[in-house]
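Next come the chains, spelled out residue by residue.
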Amino acid sequence: MNKWKEIIFKSQSGGIFLALLVICFLISTQTSRFLTETNLMVIFNQVSVNAILAFGVTFVIISGGIDLSLGSMLAVAGVVAALFAKSDSGNLWISIPLALLTGAMMGAVNGWIIVLSKVPPFIVTLGSMTIARGLALIISDGRPVSDLSESFNFIGNDSFLSIPIPIIFLLITFVFCAILLNKTVFGRYVKAIGGNETASYVAGIPVDRIKCWVYTLSGIFAAIGGILLAARINTGQPNAGLGFELDAIAAVIIGGTSTRGGKGSIIGTLLGVLFIGVINNGLDLMNVSAYWQQVVMGGIIILAVVIDRFYQNMKK
Amino acid sequence: MMKKDLKFVLVLVTALIFAFACGKKEKEGKKKFIIGVSMLSMQNEFIQKVAQSLEKNAEANQVELIVIDAERSALKQVEQVENFISQQVDAIILNPCEFDASSPAVLKAKQAGIPIVNVNSSTKENPDAWVGSDDKESAKMAIDFIAKKLNGKGNLLMIQGYMGQAAQIDREAGAMAALKNYPGLKLMTSQTGEWDRAKSMALMENWIQSYGTQINAVFAQNDEMGLGAMQALIDAKMKDKVVVVSVDGIGDAMKAVKAKKLDATIIQDAENQGKKAMELAIQLIQKKNLKEKSIQIPFQVYIGK
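Residues numbered from 1 in each chain as written. Chains lettered and ligands numbered in written order. Predicted model: local features only at pLDDT ≥ 70, side-chain atom pairs only at ≥ 80, totals over all residues. Heavy atoms only, no water.

**Q** Can you break down the environment of B:A147 residue by residue, with the values?
**A** Residue and element names in this part refer to chain B. Secondary-structure assignment places A147 in helix α5 (residues 135–149). The class of A147 is buried, set by a relative accessible area of 4%. A147 has contacts with G152, Y182 and L185, leaving out every residue within four places of it along the chain. (Helix = DSSP H or I, 4+ residues; strand = E, 2+ residues; numbered from the N terminus. Buried < 20%, exposed > 50% of the residue type's maximum accessible area, 1.4 Å probe, protein only. Contact = heavy atoms within 4.5 Å.)

Laid out in structure tokens, this is it:
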């Protein structure tokens, strides 16, 4: 029991975990459809893309940066994946690696520009957000890419051991990122750079190289999200993922990662993602209008962070 | 230490209530059907009219209606249908955002055994029933009208709907087929206005810059876009020289036709689409054999009379 107390009260994400429990409780008093196995599956399935984007951008934010181009990179990767996954001529062994490579390259370019030019990441990724969206429209000729092969569709809509494939992706990326952040030198470096960049230079950490990798990682994760999304709706859409970067960043912040960099956790991000997903799903089940949902969601984002701050202060 | 214990109790209590809530028995609802509706976009006046008709007919039939706006996103639409399935609604009425991308929504509803009716637009996956109008026909009527006005000769611009949506695909196909009958009518270019008035107005302004007085007619695939193009032409003082025709017959467009600003609108019958969709959904819930699985609602050309 002590261990649980430790986890709930001492960890950074204790506050958000409590908030998630309370929200779940509130929703379940309003609708009996919420706490059913199928609905919980639906929630995890619906948050999978946002979760994967958020995992990637957690590293960026911990390193003290930001990536606004997530949604656009997702669209480019989704369209690339779809173009090479057509039912007549497609081949998943080309389509998926190529989409991942595209994401990695776009992320790496973001990183290079940020490192070489010293222009703030906010501005660089704001620019690349627009560029990538344009590229997605160019390579797809502005039209949704459809007629995709059955096996591509499988990735988005089928299950393995009765777990939907997107959820499997979510779990794998979660474990990967948690290990990468907490158990590797890379993770320690990312935190160090976010905490104090100058000191990291002095300490001999390859700051530029790590930063490049962080944005590359973000690009790769955006690409995974793009592939999953395209597979889920069986279409590569050039306008996919509009505003997804904001959802992902909101989840990271709700999850307790500091926007000033230096500290954060993957489990916190997962909880943040679930928090948003549960609220969206719950409000839908309670038939709250989509317009009010946005108002509620924005309010809750602010409230969650305020509560978390309060909670952190109390702990001290 | 005290504070921590207090919080621990709080968590325990929350968890207990939570567990209690899990086991809570289903409340029996009122004895009427629940139908979930996901609409393409409530920003669009025509779609709003269909939704209003659905609401009116739901009330008359003692049906509880949950109308959700998909805000043009096929992904949102798929998720909304998944949530309807979780809610175990009795039937779903879908106004698809896109032909391909909204298709999984239909498939999922069918797999869950919930009857689904598509209204106004189609998906790749066939729903249990369909209500709408043959969009090819509407475009053909518009082109015929333009040809008559221009005596079969002139330059035409086409403003497309959201690319890849069934209505856009069909209206484009219908227009192209009809244009073959008029060798004197030349389609200079076409571009998407995304069903949106402001976007089409900007598009038309750009076209006025590049084509100027060569433009004789504009066919917009919906009224919102037609009204946008019309406004741009009025602002450029060119409207009296250019024929503008659009499809749907929304209130604003009919007013504009009456005021002799818009030349014609091809009326799509929102009222009947909503009514028939509701009838079909109820019949499907009651497991009645449908007389028709797809119902066509015919168009009319409206020229202010």
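**Q** Go over the nonpolar core with me, naming the residues and quoting the values.
**A** In globular proteins that are soluble, nonpolar side chains generally tend to be buried together. Residues A:F152, B:I35, B:I93, B:M204 and B:V218 are the most contacted members of the largest nonpolar core, which totals 169 residues. Sort the elements by how many residues they give to this core and helix α11 (residues 207–232) of chain A lands first, with 14 residues. Non-local contacts of B:I35, meaning those with residues more than four positions away in its chain, are made with B:V63, B:E64, B:L65, B:I66, B:A91, B:I92, B:I93, B:M278, B:A281 and B:I285. The next biggest cluster of nonpolar side chains, apart from the first, holds 22 residues, and it includes B:L150, B:M158, B:A217 and B:V245. (Core = buried A, V, L, I, M, F, W, Y, C linked by side-chain atoms within 4.5 Å.)

**Q** Explain the pairing of strand β6 (residues 154–160) of chain B to me, using residue names and the numbers behind them.
**A** All names here are of chain B. Within β6, 7 of the 7 residues are buried, which leaves it mostly tucked inside the rest of the structure. The two faces of β6 match: G154, L156, M158 and Q160 on one face and N155, L157 and I159 on the other face are all buried. Relative to strand β7 (residues 185–192), β6 runs parallel, the two being bridged by 7 bridges. Bridge pairing in β7 links L157 to T189. (Pairing = 2+ DSSP bridges.)

**Q** Give a detailed account of helix α10 (residues 270–285) of chain B, specifying residues and quantitative values.
**A** Structurally, the α-helix is built with 3.6 residues per turn, so residues lying three or four positions apart point the same way. Residues and elements named next belong to chain B. With 16 residues, α10 should cover 22 Å at 1.5 Å per step; its first-to-last C-alpha distance of 23 Å lies within 8% of that length. Of the residues making up α10, those classed as buried are A270, Q273, G274, A277, M278, L280, A281, I282, L284 and I285. Just past α10, the residue K287 takes up positive phi, approximately 55 degrees. (Expected span 1.5 Å × (residues − 1).)

**Q** Describe the side chain of A:T216, naming the residues involved and giving the relevant values.
**A** Of note, A:T216 is situated in helix α11. Other than its neighbours up to four places away in sequence, A:T216 contacts A:A104, A:G107 and A:A108.

**Q** I'd like a description of the sheet that holds strand β2 (residues 64–69) of chain B, backed by residues and values.
**A** All names here are of chain B. Read across the open sheet, the 6 strands follow the order β2-β1-β3-β4-β5-β11; overall the sheet is parallel. Looking at strand neighbours, the two that pair on one side only are β2 and β11 (294–296), the edges of this open sheet. Geometrically, the sheet is characterised by an average inter-axis angle of 15 degrees between neighbouring strands, direction not taken into account. Bridge count between strand β1 (residues 34–39) and β2: 6 bridges; the pairing is parallel. By the bridge assignment for β2, V37 is matched with V67. The strands that helix α2 (residues 45–60) touches are β1, β2, β3 (91–94) and β4 (116–119); relative to β1, the one it contacts most, it runs at about 175 degrees. Its contacts with the sheet place α10 against β1, β2, β3, β4, β5 (129–132) and β11, and it is angled at close to 170 degrees to β5. (Axes fitted to C-alpha atoms, helices over the stretch in contact; angles between N-to-C directions.)

**Q** Run through the packing of helix α3 (residues 37–62) of chain A against α11(A), naming residues and quoting values.
**A** Residue and element names in this part refer to chain A. Interhelical geometry of α3 versus α11 gives an angle of 170 degrees and a closest axis separation of 7 Å. Between α3 and α11, the crossing angle belongs to the class labelled roughly antiparallel. Contacts between α3 and α11 involve N45, Q46, V49, I52, L53, F55, G56, F59 and V60 on the former and, on the latter, V214, Y215, L217, S218, F221, A222, I224, G225, L228, L229 and R232. Here the contact of α3 with α11 is composed, by residue class, of 14 nonpolar, 5 polar and 1 charged. (Parallel < 35°, antiparallel > 145°, perpendicular 65-115°, else oblique. Nonpolar A, V, L, I, M, F, W, Y, C, P; charged D, E, K, R; others polar.)

**Q** I'd like a rundown of the sheet that holds β7(B), residues and numbers included.
**A** All names here are of chain B. One open sheet accounts for 6 strands, arranged β7-β6-β8-β9-β10-β12; its pairing is mixed. With one partner strand each, in any of the chains shown, β7 and β12 (300–302) form the two edges of the open sheet. Averaged over all adjacent pairs, the angle separating strand axes in this sheet is 20 degrees, with direction ignored. Judged from the 4 bridges that link them, strand β8 (residues 217–220) and strand β9 (residues 243–248) form a sheet pairing that is parallel. Counted as the bridge partner of A217 is V243 from β9. Contacting β6, β7, β8 and β9, helix α6 (residues 166–179) runs over the sheet at an angle of about 165 degrees to β6. Seen against the sheet, helix α9 (residues 251–258) touches β10 (264–267) and β12 and runs at an angle of roughly 140 degrees to β10.

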